[in-house]
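# An overview of the molecular structure
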Amino acid sequence: MALDGLEITTHGNDAHGEYRAHVPGSDKIGRLTWVSRGSARIADHTIVPPEIGGQGVAAALVQKLVTDAKDQGFTIVPQCSYVEAQFRSHPEWAELRAKAPR
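Residues numbered from 1 in each chain as written. Predicted model: local features only at pLDDT ≥ 70, side-chain atom pairs only at ≥ 80, totals over all residues. Heavy atoms only, no water.

Before going further, it helps to examine the overall build of the protein chain. Assigned secondary structure in the protein chain consists of two helices and five strands. Walking the protein chain from its N terminus toward its C terminus, one meets helices and strands in the order β-β-β-β-α-β-α. Its C-alpha atoms give the protein chain a radius of gyration of 13 Å, near enough to 13 Å, the size a compact globule of 102 residues would have. Considered along the principal axes of its C-alpha atoms, the protein chain spans approximately 40 × 30 × 25 Å. For the protein chain, the residues scored as buried account for 36% of the 102 residues in total. Pairs at least 24 residues apart make up 40% of the contacts formed inside the protein chain by residues separated by at least 6 positions. (Helix = DSSP H or I, 4+ residues; strand = E, 2+ residues; numbered from the N terminus. Rg over C-alpha atoms; globule rule 2.2 N^0.38 Å. Buried < 20%, exposed > 50% of the residue type's maximum accessible area, 1.4 Å probe, protein only. Contact = heavy atoms within 4.5 Å.)

Scanning all chains against the criterion turns up one aromatic pair. Considering the side-chain rings of phenylalanine 87 and tryptophan 93, the 5.4 Å spacing of their centres and the 70° angle between planes classify their relative orientation as edge-to-face. Given the relative accessible area of 4%, phenylalanine 87 is considered buried. One residue, arginine 41, lies across the ring of tryptophan 34, its end atom 4.0 Å from the ring centre. Positioned above the aromatic ring of phenylalanine 74, the side-chain terminus of arginine 41 is 4.0 Å from the ring centre. (Phe/Tyr/Trp six-rings, centres within 6.5 Å; stacked < 30°, edge-to-face > 60°. Lys NZ or Arg CZ within 6 Å of the ring centre and 35° of its normal.)

Once that is clear, we can look at the nonpolar core. Among soluble globular proteins, nonpolar side chains are generally buried collectively. Core analysis: the biggest nonpolar cluster contains 20 residues, and Tyr19, Leu32, Leu65, Ile76 and Val83 have the highest contact counts within it. If you list the elements that add at least two residues to this core, you get β2 (16-22), β3 (29-37), α1 (57-72) and α2 (81-89). A per-element tally of this core places α1 first, with six residues. (Core = buried A, V, L, I, M, F, W, Y, C linked by side-chain atoms within 4.5 Å.)

Glancing now at the environment of threonine 46. Looking at where threonine 46 falls in the secondary structure, it is placed in strand β4 (residues 40-47). Here the alpha-carbon distance between threonine 46 and valine 57, two residues eleven residues apart in the chain, equals 9.9 Å. Residue contacts for threonine 46: discarding those within four places in its chain leaves Arg31, Leu32, Ala58, Leu61, Cys80, Tyr82 and Val83.

What follows deals with the pairing of strand β5 (residues 75-78). Two strands pair when backbone bridges link them, and β4 and β5 are joined in this way by four bridges, in the parallel orientation. From the neighbouring strand, arginine 41 faces β5, where its bridge partner is isoleucine 76. (Pairing = 2+ DSSP bridges.)

In this section: the sheet that holds β2. Read across the open sheet, the five strands follow the order β1-β2-β3-β4-β5; overall the sheet is mixed. A strand with exactly one partner marks an edge of an open sheet, and here the two such strands are β1 (7-12) and β5. Averaged over all pairs of adjacent strands, the angle between strand axes in this sheet comes to 25°, irrespective of strand direction. Summarising the sheet, β2 and β3 pair through seven bridges and their orientation is antiparallel. Residue pairing across strands places histidine 16 opposite valine 35, the latter belonging to β3. The strands that α1 touches are β1, β2, β3, β4 and β5; relative to β2, the one it contacts most, it runs at about 135°. In this fold α2 packs onto β3, β4 and β5, with an angle of close to 115° to the strand it touches most, β5. (Axes fitted to C-alpha atoms, helices over the stretch in contact; angles between N-to-C directions.)

Below, the structure is given as structure tokens:
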């Protein structure tokens, strides 16, 4: 489900960062954090406060990560259980999956 007016911003540097979801009418922020490993980003946490949950915020954060991976040429290690579940639901993203770190 798409949330009208949802704004996702990116923060960080080449080593680590996060996507932040800003929901209209709320001061609560959803986050998807990542750390870099070579040409991959390890998606390690997706956090959505209960006040803005159930509106597709987490899915929108993952979609932004996937879009950036396609546009910027990095792969994704879905370490976070939510990101992993989204990858299982979207087999078309298979080429964006990096191998898990050892």
